[in-house]
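Here is how the chains run, residue by residue.
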Amino acid sequence: MFVFLSPSLSLFSSFFLCLINIKMRILVGVKRVVDYAVKIRVKPDKTGVITEGVQHSMNPFDEIALEEAVKLKEKKLATEVVAFSFGGPKSAEVLRTALAKGADKAIHVTVSDAEAAKAEPLHVAQALQKIVEQEKFDAVFVGKQAIDDDASQTAPLLAGLLDWPQALYASKVEDGGAGSLKVTREIDGGLDTIKVKLPAVLSADLRLNEPRYATLPNIMKAKKKPLKAIAAKELGIDLTPQTSVLEVAEPAQRKAGGFVADVSELIAKLKEKGLVKA
Amino acid sequence: MALNSITRSQFPPTLSTSIQAGIKHMIYDETHLAMQTSLKKIITEKINPNVNQWEKSGKYPAHYIFNQLGKLGVFAANKPADFGGMGYDFAMSIAIAEQIGSIDCGSIPMSVMVQTDMSTPALSQFGSDFLRDQFLRPSISGDLVSSIAVSEPHAGSDVSAIRTTARRSGGDLIINGSKMWITNGEQADWACVLVNTSKNDNLHKNKSLVCIPLNSRGVHRSNRLDKMGMRSSDTVQLFFDDVRVPESYIIGEEGKGFIYQMKQFNDERLVTVAVGLLPLQKCLNDTLKYAKTRQIFGKTLLDQQAVQFRLAELEAELEATRSLLYRTVLSRCQGQDVTMLTAMSKLKIGRLARKITDECLQIWGGAGYLNDNSISRAFRDFRIFSIGAGCDEVMMQIIHKNQNKRTF
């Protein structure tokens, strides 16, 4: 009887596991950026923007990526959420926020502030790659872009480095069955639904979810969660920039427009400027 | 529009706060600051976009807002962990109050502060477990809205002169009387009420604080009182007509109500100071910005030295008041008696609220006299700082009483 039952139990459990089928460890990239409400000012020497004495916070799109990972954990589709940040000493602040919002652990890949100012998406992607290879993650979630340089490069570069499939600009993430995710992406003119096999890289778009607020009980719990720091150099990352900044300038001021009395005057003006055919 | 061109403009602007990255704060640790950051976010995203509409309609949804803030831990700060609190220090109450000041009106901060530090401190510290389970726990979670009911039509700052009575009948108290200027009065579920529980001649020893559910038989609420400012806050007069509550609803010891209330007043006064700092700073910031652009006689307003000096002095006074508050909180957290320092801080914020709003409004001129200008709302709302939570004159009485104890 026992001999008979035992294989069927194991069959049953593997069938059950197949139904649940995702048990991800998710690494979430969060970047410390100048707060979205701050009016950006260019340094007088035009080498960059002023960041000293300026309010910083977690990149809002990374917050959305983090929220999605935490939600997947709450739905028991993920087992662990680890926050990652690449940056100067103060990046630890956004990692604490990530821990207060539901991440289980945090990894800080440290560089000096001067190095951080010159870091590029490739360096961040390389650091993410090293961590993924060291700690065996099943998925990496990041924001679709950071609101400071708006580069939108980290996710695709990382997918390339790891040779993983990518699901960029996600607006909905579901269990796709058989170790995959079904991801809806917002594209010009509609929605694109794709299935990606895990492990995969995902980037979060604005409408994916509404991030939660860090509550006082969770802020206090976050203080006790582990935050590990590793120097980028220890990971063997070459921080040599691929690009050089020639000059940073304020965008040109938009010139004031004029008013027209009626439609015929408008058409006359447009014709005059050659914007519609005479 | 290409979705990929989404940028920072999609996220609403916020008001800058006292938080400055990397600088060690006098009284706030990183937990206080993290709580402020989170609170600032919810205020910017969920509260401030609706404030104008609530101010116009004369009411705001207290239960909805309290629920949201309750989830965040706003009412839990220094309350005991056994009843849903976080058991943090009093500086957390101050940190929260200070950030609550970034709400774009006086009404909602006042309403929230009633529950954090006016109606609940005595209950939290002296209430029985039964009473705390009944009233404190659901107030900390934000499920219940409360009021503090001490003042009466003829007894405001002179608390000992209240006339509301509670007589005994079996194991119950039968309450009769009325309470005036009751913030949250229309929406509140319960009130912490000061009543005379005996006919003792000693007016400081015959009173008790009682938790009264406001849906009790015999509780009547007046129509909303029509106020000069604080428009979205519901203020009423409460009437108690043979209201019956169990004796066990008395907070702590019977007869100690006056003492408890005086203690409770200290918390109330300190959060009142804290909640005033950001809005007054905003008055100065907004006025400075306006004066920079407003042209007069071929120059900007800010080119006038009189305007520069006025703004400079007000800035210095506000900083002095902020520093006095922090020093008071620091002493309190170290266990010292801060009654006199508290009275000083409260006196200064009351005086300064009048001065800053009046002088800034003068710089705005006609533009500031319009109701949709935030400076005119501040002028109406913050006049109360010299009246509520013990008026300026009572603060000076307290200061003088302590001053006069000195021997030379």
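Keep in mind that what you see is a predicted model, and the values were worked out from it rather than measured.

A. Region of interest: the overall build of chain A. Counting its secondary structure elements, chain A contains eight helices and eleven strands. For chain A, the C-alpha radius of gyration of 24 Å lies well beyond 19 Å, the compact-globule estimate for 278 residues. When the backbone C-alpha atoms are referred to their principal axes, chain A occupies close to 95 × 45 × 40 Å. Taking contacts inside chain A between residues at least 6 apart in sequence as the whole, the part at least 24 apart equals 70%.

B. Quick look at the domain arrangement of chain B. Residues and elements named next belong to chain B. Per the domain assignment, the segments making up chain B are domain 1 (24–140), domain 2 (146–255) and domain 3 (259–403). With centres defined by C-alpha atoms, the gap from domain 1 to domain 2 works out at 23 Å. Taken together, the contact pairs 27 residues of domain 1 with 21 residues of domain 2. The set of elements that each furnish at least two residues to the side of domain 1 that touches domain 2 consists of α1 (30–57), α2 (62–72), α4 (107–118), α5 (121–126) and α6 (129–140). Here the side of domain 1 that touches domain 2 takes seven residues from α4, the largest share from any one element. Its residues placed into classes, the side of domain 1 that touches domain 2 shows 14 nonpolar, eleven polar and two charged.

C. Examining the nonpolar core more closely. In terms of nonpolar packing, the biggest core is built from 176 residues, with Ile26, Val28 and Ala83 of chain A together with Val210 and Ile212 of chain B touching the most fellow members. With 13 residues, helix α7 (residues 257–293) of chain B is the single largest residue contributor to this core. Ranked by size, the runner-up nonpolar core spans seven residues in total, among them Val338, Ala343, Met344 and Leu347 of chain B.

D. Local environment of the UniProt feature "domain: Electron transfer flavoprotein alpha/beta-subunit N-terminal" (unreviewed entry) in chain A. Within this structure's numbering, the places UniProt gives as "domain: Electron transfer flavoprotein alpha/beta-subunit N-terminal" (unreviewed entry) are residues 46–239 of chain A. Counting secondary structure, residues 46–239 of chain A comes out at 32% helix and 31% strand; the distance between its end C-alpha atoms is 22 Å.

E. Representation of the sheet that holds strand β4 (residues 78–87) of chain A within the structure. All names here are of chain A. Judged by pairing direction, the sheet is mixed, and its nine strands sit side by side in the order β9-β8-β7-β10-β6-β1-β4-β5-β11 without closing on themselves. Edge positions in the open sheet fall to β9 (190–197) and β11 (227–231), since each of these has one partner strand only. On average, adjacent strands in this sheet sit at an angle of 35° to one another, irrespective of strand direction. Relative to strand β10 (residues 200–204), strand β7 (residues 166–175) runs parallel, the two sharing three bridges. In the strand pairing of β10, Ala167 is matched with Leu202. Packing against the sheet, helix α2 (residues 60–74) makes contact with β1 (24–29), β4, β6 (139–143), β7 and β10, and its axis sits at approximately 145° to β6.

F. Structural view of unusual backbone geometry. Residue and element names in this part refer to chain A. Note that the residue after Leu198, namely Pro199, is joined by a cis bond; omega there is 0°. Structurally, Pro199 is set in the loop between β9 and β10. Of note, Lys46 is a non-glycine position whose phi angle comes to about 60°, a positive value. By the secondary structure assignment, Lys46 is in the loop between β2 (32–34) and β3 (56–58). A tally of 13 C-beta atoms within 10 Å means that Lys46 is categorised as partly exposed.

G. Layout of the packing of α1 of chain B against helix α3 (residues 90–100) of chain B. Residues and elements named next belong to chain B. Close contact between α1 and α3 brings their axes to 9 Å; oriented N to C, the two are set at 30°. When the axes of α1 and α3 are compared, the pair comes out roughly parallel. As for the relative orientation of α1 and α3, their crossing is right-handed in sense. On α3, the residues touching His32, Met35, Gln36, Leu39 and Lys40 of α1 are Ala91, Met92, Ala95, Ile96 and Gln99. Of the residues in the contact of α1 with α3, the class split is six nonpolar, three polar and one charged.

Calculation rules
Each chain carries its own residue numbering, running from 1 in the written order of its sequence. Lettering of chains starts at A and numbering of ligands starts at 1, both following the order in which they are written. Residue-level local features of this predicted model are given only where pLDDT is at least 70; pairs of side-chain atoms are given and counted only at 80 or more, and the full residue set underlies all totals for whole chains, interfaces and linings. Secondary structure elements are defined from DSSP: runs of H or I of at least 4 residues count as helices, runs of E of at least 2 residues count as strands, and each element is numbered from the N terminus. As defined in this context, the radius of gyration uses C-alpha atoms, and a globule is described by 2.2 Å times the residue total to the power 0.38. By the convention adopted here, residues are in contact when the distance between their C-beta atoms, placed from the backbone, does not exceed 7 Å. For the purposes of this description, domain bounds are those given by an automatic or database domain assignment. Three residue categories are used. Nonpolar comprises Ala, Val, Leu, Ile, Met, Phe, Trp, Tyr, Cys and Pro, charged comprises Asp, Glu, Lys and Arg, and polar comprises the others, including Gly. Note on terminology: a nonpolar core is a set of buried residues of type Ala, Val, Leu, Ile, Met, Phe, Trp, Tyr or Cys, with members joined through C-beta atoms within 7 Å. Labels follow a simple rule on C-beta atoms placed from the backbone: if 20 or more others lie within 10 Å of a residue's own, it is buried; if 12 or fewer, it is exposed; otherwise it is partly exposed. UniProt positions are given in the numbering used here, feature names are shortened, and annotations may be inferred rather than shown by experiment. Each pair of strands is called paired provided DSSP finds at least two bridges between the two strands. To obtain each axis, a line is fitted to C-alpha atoms, and for helices this fit is confined to the stretch in contact; angles are then taken between N-to-C directions over 0 to 180 degrees. Every angle not falling under 35 degrees, over 145, or within 65 to 115 is termed oblique; those three ranges are roughly parallel, roughly antiparallel and roughly perpendicular. Handedness of each helix crossing follows the sense of rotation of the near helix against the far helix: counterclockwise by less than a right angle gives left-handed, clockwise gives right-handed.

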